Amino acid sequence: MKISGKTILLTGGSEGIGFELALLLKDENTVIICGRNADKLAQAKKTLPGIVTISADLSVAAQRKTLVDRVLSDFPQTSVLINNAGGRQVIDPQKRCGVEDALYADFELNVLAPVLLCENFLPHFRSQDAATIVNITTGLIFLPKASYPFYCAAKAALHSYTQSLRWSLRATPIRVHEVILPLVNTPFHKGQLPGTVRAMDAAQAASLCLKELTRGTEEISIGKARLARQLAFLFPRKGISLINRI
């Protein structure tokens, strides 16, 4: 995949890995980023002149539709969708407080939003000479963490959907990729990174992601995400025990 001369919609692009991806992509592409926080979008626009910013909460159907309509209207050449936006709700595994709210919040943002964006853009992408979808998940799809079970479950659902979508589009010019991330130092963790495992730098994660996308790798496991897959296959009980000690 040659990543130049493209028009790219990148969700969750105002900070973390999304911001680093926008930084790497902006010089040779038209990059559109969206996010929920207007102040963070404004700061990203200031730091990365030339990018396009659109404020949207992807967990809200009306805002998601407005985003899609605007992109298709103002940037009809869009041929790349990177579903990077995500978030997680933490619950106490013992007390189980706020379970229903956490379930809906995590599934709306982490699986319903990216899946529906894919489906909404598919008719347009089918009219392009070539198009690309990139869904970003996590090594926790293999070894889930008990303190945010619905985030892990939602990303596992997105992983499964991505495999199905790739297969269904195999005879079309639409390429479908998945990036499976390890622990990365981003605002996603809200300052609660574990002290026992070293988190990857966001810039490094973004760079490795683009390197593999350029090679055409369909399912990209970054860093320790590869180990998570292996542990889940060979030693599942030990693996899930280890991940829940972090």
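So, here is what we can say about the structure in this document. Note that the structure is a prediction, hence the values are computed from the model and not measured. (Residues numbered from 1 in each chain as written. Predicted model: local features only at pLDDT ≥ 70, side-chain atom pairs only at ≥ 80, totals over all residues. Heavy atoms only, no water.)

Our focus in this paragraph is the sheet that holds strand E6 (residues 174-181). As summarised here, the arrangement of the seven strands in space is E3-E2-E1-E4-E5-E6-E9, forming an open sheet in which the pairing is parallel. Each edge of the open sheet is held by one strand with a lone partner, namely strand E3 (52-55) and strand E9 (219-221). Strand-to-strand, the axes of this sheet are offset by a mean angle of 15 degrees, without reference to chain direction. Examined bridge by bridge, strand E4 (residues 80-83) and strand E5 (residues 131-138) share four bridges and lie parallel to one another. Along E5, the bridge assignment pairs Asn-83 with Asn-135. Sheet contacts for helix H1 (residues 16-25): strand E1 (7-11), strand E2 (30-35), E4, E5 and E6; angle to E1, the most-contacted strand, approximately 165 degrees. (Pairing = 2+ DSSP bridges. Helix = DSSP H or I, 4+ residues; strand = E, 2+ residues; numbered from the N terminus. Axes fitted to C-alpha atoms, helices over the stretch in contact; angles between N-to-C directions. Contact = heavy atoms within 4.5 Å.)

With that settled, consider the pattern of salt bridges. A complete count under the given rule lists seven salt bridges for this structure. Across the pair Lys-26 and Asp-27 runs a salt bridge, and its minimum N-O distance is 2.9 Å. In this structure, Asp-74 engages Arg-70 in a salt bridge whose closest nitrogen and oxygen atoms are separated by 3.4 Å. Taken together, the residues Asp-74 and Arg-70, both in helix H3 (residues 61-74) and four residues apart, mark about one turn of the helix. On the accessibility criterion, Arg-70 (35% relative accessible area) is partly exposed. (Salt bridge = Lys/Arg side-chain N within 4 Å of Asp/Glu carboxyl O. Buried < 20%, exposed > 50% of the residue type's maximum accessible area, 1.4 Å probe, protein only.)

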